[in-house]
Amino acid sequence: FRKMKIVVILGPTASGKSDLAVKLAKKLALRRAEGFKGVEIISADSRQVYKGLDIGSGKITKREMMGIPHHLLDVASPKRKFTVSQFQRLALCKIKEIQKRGKTPFLVGGTGFYIQSVVDGIKIPDVKPNFKLRRKLGKKSAEELFLMLMHLDPRRARGVDSKNPRRLIRAIEIVKSTGKPVPQIPNFYNFTEAGNLWENQKIFSHSRECENDILQIGIKKSPAELKKAIRKRLLKRIKGIITEVKKLTSPSLRGAPKQSHLSFKRLEELGLEYRYVAQYAQGKLSFQETLDNIQKESEHFAKRQLTGFKRAKRIHWVRSKEEAERLTEEFT
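Residues numbered from 1 in each chain as written. Predicted model: local features only at pLDDT ≥ 70, side-chain atom pairs only at ≥ 80, totals over all residues. Heavy atoms only, no water.

Our focus in this paragraph is the sheet that holds strand β3 (residues 70-71). Spatially, β3-β2-β4-β1-β5-β6 is the arrangement adopted by the six strands of the open sheet, whose pairing is parallel. Taken across any chain shown, the strands that pair with only one partner, and hence form the sheet edges, are β3 and β6 (315-318). Here strand β1 (residues 4-10) runs beside strand β4 (residues 104-109); their pairing, made up of four bridges, is parallel. Of the residues in β4, the one forming a bridge with Val7 is Phe106. Against the sheet, helix α13 (residues 321-331) makes contact with β1, β5 (212-219) and β6, and its axis sits at roughly 175° relative to β5, the strand it touches most. (Pairing = 2+ DSSP bridges. Helix = DSSP H or I, 4+ residues; strand = E, 2+ residues; numbered from the N terminus. Contact = heavy atoms within 4.5 Å. Axes fitted to C-alpha atoms, helices over the stretch in contact; angles between N-to-C directions.)

Structural data, given as structure tokens:
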């Protein structure tokens with residue numbers, strides 16, 4: 001039995017994952033023209049799956065794709081939460097399709113649990129929402145919910161946002177439904193990187209060995225480099241994000257997505273840029289406060305991503321395009 005090849009390119013926010021993936025794909029096509037049918041890229045980003053969330057999520061543009069096919073962008077409505085199990089199912093289908101075409105799939109992104117769901121084949125059973133329990137718990141304050149969760153599952157309580165009623169309710173719901181503590185993420189990924197995934201009506205059980213041969217490449221940046229990259233990207237995109245948020249919340253505006261009218265509450269749930277620009281659009285923050293908050297939260301987010309990724313022993317960390325090229329050449 002011959003295992004098929006998959007290349008994973010991961011790293012923290014603003015580290016240049018999409019750009020590196022496209023450059024590697026183009027380079028491989030040039031160097032291995034004979035018998036090599038090319039690369040197709042699958043996005044592993046928990047916000048880029050949503051239609052209309054383009055600039056704020058850092059979604060790659062058609063021009064930036066440079067002719068390389070990209071998948072799992074714009075596959076879900078932002079009105080509804082997209083689950084890890086949905087991603088896993090779609091990603092595995094795309095991987096098989098790409099391999100049948102004789103091409104090499106690149107899985108590219110920064111959502112560690114999305115990546116792990118494919119790499120480690122995590123099985124994700126349903127924990128369906130208990131609306132009666134939710135209504136009952138919805139009457140309680142965040143402090144009361146936190147104390148309840150501390151009693152039911154102290155370990156999960158220590159890792160949850162104690163001021164977020166929605167996450168507290170979901171954690172309590174899981175414990176009461178299964179009769180067991182909320183399970184820890186297997187292996188190494190830090191689940192805080194994708195905070196809204198706990199509310200996606202899913203938990204995971206055990207994993208199985210992946211049937212593919214996988215090379216994982218991580219982009220290595222120093223904290224100073226990341227801080228600078230985050231700032232540069234933010235200043236370049238902030239006006240576009242503000243316009244995007246206005247379109248998403250005002251369907252009457254020209255160019256607004258017809259089926260994607262979102263509430264400010266939903267935008268804030270999507271986190272990072274969308275959270276603070278939504279607050280800015282409502283007059284809750286000044287422009288400078290918006291910039292400062294996004295910068296600070298993005299830096300914290302990048303740190304959490306790196307903490308999770310660095311628990312892995314199977315990631316080859318690179319500091320240059322040349323290192324990544326050498327690894328992919330040897331692997332493919």
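Picking up after the structure, the text goes on.
Assignment of secondary structure puts Thr83 in the loop between β3 and α3 (84-100). There is a polar contact of 3.0 Å between the side chain of Thr83 and the side chain of Ser85. (Polar contact = N/O pair within 3.5 Å; in protein donor to acceptor, adjacent residues only side chain to side chain.)

It is the contact of helix α1 (residues 17-31) with α13, at a shortest axis distance of 10 Å, that shows an interaxial angle of 50°. Relative to α13, α1 is oriented oblique. The element α1 and its partner α13 pack so that their crossing is right-handed. Between α1 and α13, the residues in contact are Leu20, Lys23, Leu24, Lys27, Leu28 and Arg31 and Lys321, Ala324, Glu325, Thr328 and Glu329, respectively. (Parallel < 35°, antiparallel > 145°, perpendicular 65-115°, else oblique. Left-handed = near helix turned anticlockwise from the far one by under 90°.)

The subject of this paragraph is the pattern of salt bridges. Per the counting criterion, the structure on display carries 18 salt bridges. For Arg314, the salt bridge identified is with Asp120, shortest N-O distance 3.0 Å. Highlighted residues: Arg314 in the loop between α12 (287-309) and β6 and Asp120 in the loop between α4 (112-119) and α5 (131-137), separated in sequence by 194 residues. Taking the relative accessible area as the measure of exposure, Arg314 reaches 41% and is therefore partly exposed. The class of Asp120 is buried, set by a relative accessible area of 11%. Taking the shortest distance from any N to any O, the salt bridge between Glu225 and Arg319 comes out at 3.0 Å. Here the residue Glu225 occupies a position in helix α9 (residues 223-249), and Arg319 occupies one in the loop between β6 and α13, the gap between them amounting to 94 residues. By relative accessible area, Glu225 is classed as partly exposed at 34%. Salt bridges sharing partners connect three or more residues here, namely Arg47, Arg233, Arg237 and Glu273. (Salt bridge = Lys/Arg side-chain N within 4 Å of Asp/Glu carboxyl O. Buried < 20%, exposed > 50% of the residue type's maximum accessible area, 1.4 Å probe, protein only.)

By themselves, these observations are geometric and do not establish any function.
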